[in-house]
Amino acid sequence: MSSNTAQPAPAAQAPAAQAPTTQRGKAKENRRQALLSAAASLFAANGFNRVSLEDLGAAAGVSGPAVYRHFSGKQAVLAGLLVTVSQELLDGGRQVVERTADPMAALRQLVEFQVNFALGKPDVIRVQDRDLPNLSEQDQLAVRTLQRSYVEIWVDVLARIHPDTDVSDLRMRAHATFGLINSTPHSVRSHGRRMASRTARPLLEAMAMAALTVPSA
């Protein structure tokens, strides 16, 4: 997710995903996920404007026209990718705070959750950083609103750890932490994903916790 989010806004509610119950439905969902995975890789490597529907279909093992069975067009594929991952981050953050009463433990788990995301989906981070403006205005709003709600989960936890700190300062800490953690795709690309994951994870978690818990000046 991007660290360039603004002031809080009401959360956008993405439609709840219904698990397919038939073999045909499962196959269709698998192809849809394959297209999203291919989109993340191709958009990250080449940029949204240089990838065609035929490229996406070929990478996912279907014909270009078959993409229209799952998405209305290339822009809808991009929206499917970024809105879905933003909703996943929000849902995951909510689950962390719901199951963890202690604020320090919750903060540590949020950091681990964000690091897992950054190391597991570096292509998605690169796509959002570069190609968010290629979404429709409505989809850009949906992504940013979901992300603002995710940020506020962190801010609420930080407010319990730093009760005397202004909320705007806590929000700045959260954004700075996202910037630190989400810079990982660049180091992954330089040093190899497996090695970067092994060496970056403990360092990122320690640096993030230090930045989030240091007393206010």
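Residues numbered from 1 in each chain as written. Predicted model: local features only at pLDDT ≥ 70, side-chain atom pairs only at ≥ 80, totals over all residues. Heavy atoms only, no water.

A. Main features of the packing of aromatic side chains. According to the stated counting rule, one finds five aromatic pairs in the structure shown. Between Phe 113 and Tyr 150 the ring centres are 6.4 Å apart and the planes differ by 70 degrees, which places this aromatic pair in the edge-to-face class. Of the two residues, Phe 113 sits in helix α4 (residues 103-120) while Tyr 150 sits in helix α6 (residues 137-161), which places them 37 residues apart along the sequence. Judged by its relative accessible area of 23%, Phe 113 is partly exposed. Measuring from centroid to centroid gives 4.9 Å for Trp 154 and Phe 178, while their planes differ by 75 degrees, and the two rings are edge-to-face. (Phe/Tyr/Trp six-rings, centres within 6.5 Å; stacked < 30°, edge-to-face > 60°. Helix = DSSP H or I, 4+ residues; strand = E, 2+ residues; numbered from the N terminus. Buried < 20%, exposed > 50% of the residue type's maximum accessible area, 1.4 Å probe, protein only.)

B. Summary view of helix α2 (residues 53-60). Residues Leu 53, Leu 56 and Gly 57 constitute the buried set of α2. Down the axis, α2 shows its buried residues gathered within 95 degrees of arc, on one side only. Among the exposed residues of α2, those pointing more than 90 degrees away from its buried face are Glu 54 and Ala 58. On the buried face of α2, the contacting elements are α1 (23-46) and α3 (74-99). Just past α2, the residue Gly 61 takes up positive phi, approximately 85 degrees. (Arc of directions from axis to C-beta. Contact = heavy atoms within 4.5 Å.)

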